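Listed below are the residues making up each chain.
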Amino acid sequence: MNKKSILIGFIALTSTTIAQEIKNKKDGNYKFTVVKNIEATAVKNQAKSNTCWSFSSLSFLESELIRMGKPRVELGEMFVVHHAYLDKAEKYVRMHGNTNFAAGGAFHDMFYVMKNYGLVPRSVYNGNPNGDKEVNQLQMDDMLRNIVDGIIKEKVISNKNWLKGVDGVLDAYLGKMPENFDYNGKQYTPQSFAASLGIDINNYIEITSFTHHPFYTKFALEIPDNWQWREMYNVPLNELIDIIDNSLMNGYTVAWGADVGEPGFSFQNGVAVVPDADLKNLKREKLDSLVMNPGKQKEITQELRQEAFNNYETTDDHGMHIIGMAKDQNGTKYYIVKNSWGTARNECDGYFYVSEAYMKYKTTSIMINKETLKKEQAKKMGL
């Protein structure tokens, strides 16, 4: 969120400070005072694609570049998606279909592509070769799945022509990937452009918080989109929140993976909350009243969080980007989150406000720069 977009509400002046006070919508009941706001690039629209992980991880990386004093750049999400899909297809076939093959992914997929294939600016490869007003990749996903399932059925993968078929479908829908390109008057390959960003991918780690694995160890989070089976650090819930808060207050943003299927998630109204009530059997009118009015939030424990994950109530729905913190008129802490659903679906310019209770309850994982960890946290995690 840049300084311009955050002024969607109104500015409250005092004699000594300037506090930015923002409503969740024009006639909304929430009044947020900004505690921390970190610069981010413009909100994008993933449209009809399941590629939030690429949008959010690259948004995170773009804010890292801004923080480091690098030139502002918007990176090509579909370049990352294209490469990840190709490698995902080969793994899926070699696993006889016993792994996930879909458009979804994880934050670490972006760094995987960056390391192995490079990155490109969005202006060089935007994944919309036909100039469609709104991208729809659902047909592409179906076609790719038909190809790989057909190969598994034939039980012959030595002939790599099928992989060329996967690449051909991706080229048709996303465009042929560039081998060389000009950017700001310089010639690059994807690999040399990635190197020019000056990012050390070893500085970035993923963290989660679940009790079915020991704390302060690493494990591969058991979610379908973790197709690489990459490991994450496991910490207690209170430390997960402390890590998020400490990162933000020190000027570092956070990539956020979460379940967005809760009744209290209302992007249209600019909030995600967990009211202290049983929401499952409420009528719509009563539910809206609870969600749309700031009030007491449910106390989220490690046990409650684990139960929701065990029962498939918390799934790896969506990847987003946390760029700041705020408090409502009751002093309740919220996180300012940049989404990738465009700017027209709510009155917060495509951002929304997530309560601490929702963050505790529905976070599946985060990605941070490990430089923001406190010394004692890093030591317990073996870093």
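For clarity, every value in this text was computed on a predicted model and none was experimentally measured. (Residues numbered from 1 in each chain as written. Predicted model: local features only at pLDDT ≥ 70, side-chain atom pairs only at ≥ 80, totals over all residues. Heavy atoms only, no water.)

Attention now moves to the overall build of the protein. Across its full length, the protein carries 11 helices and 15 strands. Computed over C-alpha atoms, the radius of gyration of the protein comes to 21 Å, within 12% of the 21 Å expected from 2.2 N^0.38 for 383 residues, which places it in the range of a compact globule. Taken along its principal axes, the extent of the C-alpha atoms in the protein is 70 × 50 × 45 Å. The proportion of buried residues among the 383 residues of the protein is 54%. In the protein, of all internal contacts separated by at least 6 residues, the share reaching a separation of at least 24 is 74%. With an accessible surface of roughly 17400 Å², the protein has 48% of that area assigned to carbon and sulfur atoms. In the protein, which carries 45 positive and 46 negative side-chain charges, the distance between the mean positions of the two groups comes to 3 Å. (Helix = DSSP H or I, 4+ residues; strand = E, 2+ residues; numbered from the N terminus. Rg over C-alpha atoms; globule rule 2.2 N^0.38 Å. Buried < 20%, exposed > 50% of the residue type's maximum accessible area, 1.4 Å probe, protein only. Contact = heavy atoms within 4.5 Å. Areas by Shrake-Rupley, 256 points an atom, 1.4 Å probe, with all protein chains shown as cover. Lys, Arg positive; Asp, Glu negative; His and termini not counted. Charge placed at Lys NZ, Arg CZ, Asp CG, Glu CD.)

With that settled, the discussion passes to the packing of helix 2 (residues 77-94) against helix 4 (residues 138-154). As a packed pair, helix 2 and helix 4 sit with axes 9 Å apart at the nearest point and diverge in direction by 30°. As the angle between them shows, helix 2 and helix 4 are arranged roughly parallel. Crossing of helix 2 over helix 4 shows right-handed handedness. Each of Y85, A89, Y92 and V93 in helix 2 lies in contact with helix 4, whose residues at this interface are M140, D141, L144, R145, V148, D149, I151 and I152. (Axes fitted to C-alpha atoms, helices over the stretch in contact; angles between N-to-C directions. Parallel < 35°, antiparallel > 145°, perpendicular 65-115°, else oblique. Left-handed = near helix turned anticlockwise from the far one by under 90°.)

Turning our eyes to something else, we now look at the packing of helix 4 against helix 5 (residues 161-174). Two elements in contact, helix 4 and helix 5, have axes separated by 10 Å at closest approach and are oriented at 175°. Judged by the inter-axis angle, helix 4 sits roughly antiparallel to helix 5. Here Q139, M140, M143, L144, I147, V148 and I151 of helix 4 come into contact with helix 5, specifically with W162, G165, V166, V169, L170, Y173 and L174. The residue makeup of the contact of helix 4 with helix 5, split by class, is 12 nonpolar, two polar and no charged. (Nonpolar A, V, L, I, M, F, W, Y, C, P; charged D, E, K, R; others polar.)

Bringing the nonpolar core into the picture now. L61, L119, F193 and L197 are the most contacted members of the largest nonpolar core, which totals 51 residues. Elements represented by at least two residues in this core include exactly helix 1 (52-67), helix 2, helix 3 (107-116), helix 4, helix 5, strand 4 (181-183) and helix 6 (190-196). Counting residues per element, this core draws most heavily on helix 2, at 10 residues. Ignoring sequence-local partners within four residues, the contact set of L61 consists of L75, M110, F111, M114, L119 and I199. With 38 residues, the next largest nonpolar core counts I241, F265, M325 and V354 among its residues. (Core = buried A, V, L, I, M, F, W, Y, C linked by side-chain atoms within 4.5 Å.)

Next up on the list: the side chain of T51. With respect to the secondary-structure elements, T51 resides in the loop between strand 3 (31-37) and helix 1. If near-sequence neighbours (up to four positions away) are discounted, T51 is found in contact with Q46, M78, V81, A103 and Q137.

Moving on, we come to the packing of aromatic side chains. Evaluation of the coordinates by the stated rule reveals 20 aromatic pairs. Seen from their ring centres, Y92 and F101 are 5.3 Å apart, and the 35° between their planes marks the pair as tilted. With respect to burial, Y92 and F101 carry one shared label: buried. Three or more aromatic residues link up through ring pairs in this structure, and these residues are F265, F267, W341, F352 and Y358. (Phe/Tyr/Trp six-rings, centres within 6.5 Å; stacked < 30°, edge-to-face > 60°.)

What follows concerns the environment of K91. Summarising the element assignment, K91 is placed in helix 2. Ignoring sequence-local partners within four residues, the contact set of K91 consists of T99, W227, Q228 and W229. There is a polar contact of 2.8 Å between the side chain of K91 and the backbone oxygen of W227. (Polar contact = N/O pair within 3.5 Å; in protein donor to acceptor, adjacent residues only side chain to side chain.)

Looking now at the confidence of the model for the protein. Here the protein averages 92 in pLDDT, and 95% of its residues register 70 or above. Across residues 1-18, confidence stays below pLDDT 50; counting only partners more than four residues off in sequence or on other chains, it has 35 contacts. (pLDDT = per-residue confidence, 0-100.)

Looking at the secondary structure, you find N202 in the loop between helix 6 and strand 6 (204-208). Distance in space between the C-alpha atoms of N202 and E64 is 14 Å, their sequence separation being 138 residues.

This paragraph deals with unusual backbone geometry. Not every positive phi belongs to a glycine, and N184 is a case in point at roughly 55°. Note on placement: N184 falls in the loop between strand 4 and strand 5 (186-188). With a relative accessible area of 65%, N184 lands in the exposed category. The backbone phi angle of Y312 is positive, close to 65°, even though this residue is not glycine. Within the secondary structure layout, Y312 lies in the loop between helix 9 (302-310) and strand 12 (318-327). Given the relative accessible area of 71%, Y312 is considered exposed.

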